[in-house]
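Chains, contacts and geometry: an overview
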Amino acid sequence: MARLEHIARQRLEKLERIRGRGINPYPHSYHRSHTARETVALFEQQERSPEAVPGSELSLAGRITASRFMGKIAFFDIRDGSGKIQLYFSHDLLGNEKYEILHDLDIGDIIGARGKLFRTKTGEITLEVTDFTLLSKSLHPLPEKWHGLVDVEKRYRQRYLDLISNEEVKPVFALRNQITTALRHFLNEQGFVEVETPVLQSIAGGALARPFITHHQALDQDFYLRIALELYLKRLIIGGFDKVYEIGRVFRNEGISTKHNPEFTMLESYQAYADYNDVMKLVEDMVCYIAKEVVGRTEVRFGGELIKLTLPWQCLSLRQAIKERCDIDFEDCPEADSLRTRMEQLGIEVDPNKDRGRLVDELISTFVEPDLIQPTFLIDYPVEMSPLAKRKRDNERLVERFEAFIGGMEIANAFTELNDPLEQRERFRHQLQEHIRADEVEEVIDEDFLLALEYGMPPTGGLGVGIDRLVMLLTDKQSIREIILFPQLKAK
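Throughout what follows, the structure given in this document is the object of discussion. (Residues numbered from 1 in each chain as written. Predicted model: local features only at pLDDT ≥ 70, side-chain atom pairs only at ≥ 80, totals over all residues. Heavy atoms only, no water.)

The helix and strand inventory of the protein stands at 15 helices and 19 strands. A compact globule built from 492 residues should have a C-alpha radius of gyration of about 23 Å, whereas the protein, at 29 Å, is more than 25% larger. Once the C-alpha set of the protein is aligned to its principal axes, its extents read approximately 90 × 55 × 50 Å. A burial count over the protein gives 50% of its 492 residues as buried. (Helix = DSSP H or I, 4+ residues; strand = E, 2+ residues; numbered from the N terminus. Rg over C-alpha atoms; globule rule 2.2 N^0.38 Å. Buried < 20%, exposed > 50% of the residue type's maximum accessible area, 1.4 Å probe, protein only.)

All right, on to the nonpolar core then. Leu309 and Phe402 are the most contacted members of the largest nonpolar core, which has 48 residues in total. Among the elements that make up this core, the one with the highest residue count is helix α9 (residues 276-295) (twelve residues). Setting aside its immediate chain neighbours within four residues, Leu309 contacts Val287, Cys288, Ala291, Thr298, Val300, Pro375, Ile406, Leu473 and Leu474. (Core = buried A, V, L, I, M, F, W, Y, C linked by side-chain atoms within 4.5 Å. Contact = heavy atoms within 4.5 Å.)

A separate point is the pattern of salt bridges. If you walk through the whole model with that rule in mind, you get 45 salt bridges. Between Arg235 and Asp448 there is a salt bridge, and its shortest N-O distance comes to 2.9 Å. Taken together, the residues span a long stretch of sequence, with Arg235 in helix α8 (residues 230-239) and Asp448 in helix α14 (residues 447-454) at a distance of 213 residues. A relative accessible area of 15% means that Arg235 is categorised as buried. Accessibility expressed as a relative area gives 47% for Asp448, which makes it partly exposed. Arg393 serves as the salt-bridge partner of Glu400, at 2.6 Å between the closest nitrogen and oxygen. Of the residues examined, Glu400 reaches a relative accessible area of 4% and is grouped as buried. Members of the salt-bridge network, linked through shared partners, are Arg11, Lys14, Asp106, Asp109 and Lys137. (Salt bridge = Lys/Arg side-chain N within 4 Å of Asp/Glu carboxyl O.)

Read around the closed barrel, the five strands follow the order β1-β2-β3-β5-β4; overall the barrel is mixed. Averaged over all neighbouring strand pairs, the angle between strand axes comes to 50 degrees, with direction disregarded. Here strand β1 (residues 58-70) runs beside strand β4 (residues 110-119); their pairing, made up of six bridges, is antiparallel. Its bridge partner being in β4, Ala61 is matched across the sheet by Gly112. Helix-sheet contacts for helix α2 (residues 36-48) involve β1, β3 (84-90), β4 and β5 (125-136), and the interaxial angle to β4 is about 10 degrees. (Pairing = 2+ DSSP bridges. Axes fitted to C-alpha atoms, helices over the stretch in contact; angles between N-to-C directions.)

By the element assignment, Asp104 lies in the loop between α4 (96-101) and β4. Given the relative accessible area of 5%, Asp104 is considered buried. Within the structure, the side chain of Asp104 is placed 2.7 Å from the side chain of Arg17, a separation counted as a polar contact. Apart from the residues within four sequence positions on either side, Asp104 is in contact with Lys14, Arg17, Ile18, Arg21, Asp109 and Lys137. (Polar contact = N/O pair within 3.5 Å; in protein donor to acceptor, adjacent residues only side chain to side chain.)

Here we come to the pairing of strand β2 (residues 73-79). Within β2, five of the seven residues are buried, which leaves it mostly tucked inside the rest of the structure. The turn joining β1 and β2, which pair antiparallel and follow one another in sequence, is formed by two residues; a positive phi near 70 degrees is taken by Gly71. Of the pairings in the sheet, the one linking β2 to β3 comprises seven bridges and is antiparallel in character. Paired with Ile78 across the bridge in β3 is Ile85. Hairpin connection, β2 to β3: the antiparallel pair is bridged by four residues, and Gly83 has positive phi, about 155 degrees.

Taken in spatial order, the three strands make up an open sheet running β7-β9-β8, and their pairing is antiparallel. Edge positions in the open sheet fall to β7 (200-201) and β8 (213-216), since each of these has one partner strand only. Here β7 runs beside strand β9 (residues 221-225); their pairing, made up of two bridges, is antiparallel. In the sheet register, Leu200 faces β9, and the bridge partner there is Leu225.

This paragraph deals with helix α15 (residues 467-475). With respect to burial, α15 is a largely interior element, nine of its nine residues being buried. Phi for Asp476, located one or two positions after α15, is positive at around 55 degrees.

A few words on the packing of aromatic side chains. According to the stated counting rule, one finds nine aromatic pairs in the structure shown. A centroid spacing of 5.5 Å and a plane angle of 85 degrees characterise the contact between Phe89 and Phe132, whose relative ring orientation is edge-to-face. With Phe89 in strand β3 and Phe132 in strand β5, this pair connects stretches of sequence that are 43 residues apart. The pair Phe89 / Phe132 is uniform in exposure class, with both members buried. For the ring pair Phe428 and Phe449, a centre distance of 6.4 Å and an interplane angle of 55 degrees mean the geometry is tilted. Of this pair, Phe428 sits in helix α13 (residues 421-439) while Phe449 sits in helix α14; the two residues are 21 residues apart in sequence, bridging distant segments of the chain. On the basis of relative accessibility, which here comes to 10%, the residue Phe428 falls in the buried class. (Phe/Tyr/Trp six-rings, centres within 6.5 Å; stacked < 30°, edge-to-face > 60°.)

Laid out in structure tokens, this is it:
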């Protein structure tokens, strides 16, 4: 700590010397003619041209990542958003006063430089600097002198240092952008319309989750940060949109893990006149399309496993999948008490407050989900688990719902949507009775949504996709914190 404080004092002294020379160490702007990548490409193109002539001066800008002084010459490396390039400074070319300023520059400072390109004896494309400008003086040393930031918590808390120090980090987030771009293109080509719905909602609905609560001063009313996008998107289907989707942040006041962050990004889409079979095909096609677009293939590595995204994906009955893995048939346990007893007989520790739906969910996460490495649809869930899904055509105790799993984690969730307003009201009432007491949170029935449903919603297939987990899959990252720029952490 003392050493870092000493370095910081030295940098402040350099800052004062620079100001004493009449130089503004934080100017308002700088004209950059080329990025580092564009500069390299331009020079290589000139070298390939038979009639190549010496190029005109270019202006570059970036953060200093290395410096080497050798008497009256110096080499600096600078890095911008596109890559790295070397700068060459000569005392003879710059003059004594300008050259001396270089000694008050540090690793981490941002500079602009103008000059012409050449290739050194070692073959490195380099800018021979005729003039340079300090654009921002850095008052702290970069982590480990540019050898990389390895402290995981510091990487997440100070993501800017992570991006500066670890070259492999920025491409992950560039790939994340490509994934959402490809996703939008796929859905737009399918005729879906992208929309935006409220983040602040008077009722937290569309999923079973504890919400975050905030207060609107002017209205003197509590609002919830949305826990799902579903109910407003369904209103749009009722209003006449046949295909809609939204990519948005949702917020759930629950646990944090390598697969969960309190705020995360969801895609939800709704398609009129479709059921969950249509949505399964949509998911298969969409994930394969995105993989081809962003990584160029439909086979990816995740956690040491080779994942094959090619169609068709495996499709398993949820009932059969659970029965094969832990010898529990939830159809033989129609009540929470009987299922709880059966689980306890197998030595499974059971929360006495959980209802039947949440007990089945625990069986999935414990016994089934970890085994689903290759793309798999689990289909047909107990009605207690899915109050917004339509009952299965040949089994009233189940609903037409699937979850898609890849790499041992849930990627997507979909329903044939319930569009009977009377049954939906009864489901909401049952949900209210089952969950308020256990969760100790206030829940109310969304009367406005039920009113909209009473005007008639066509048969509809709905889908939710966890964008963060899809990015984890396609970037081979085992923690959600690696693919969220600023993950939620406990305050120091």
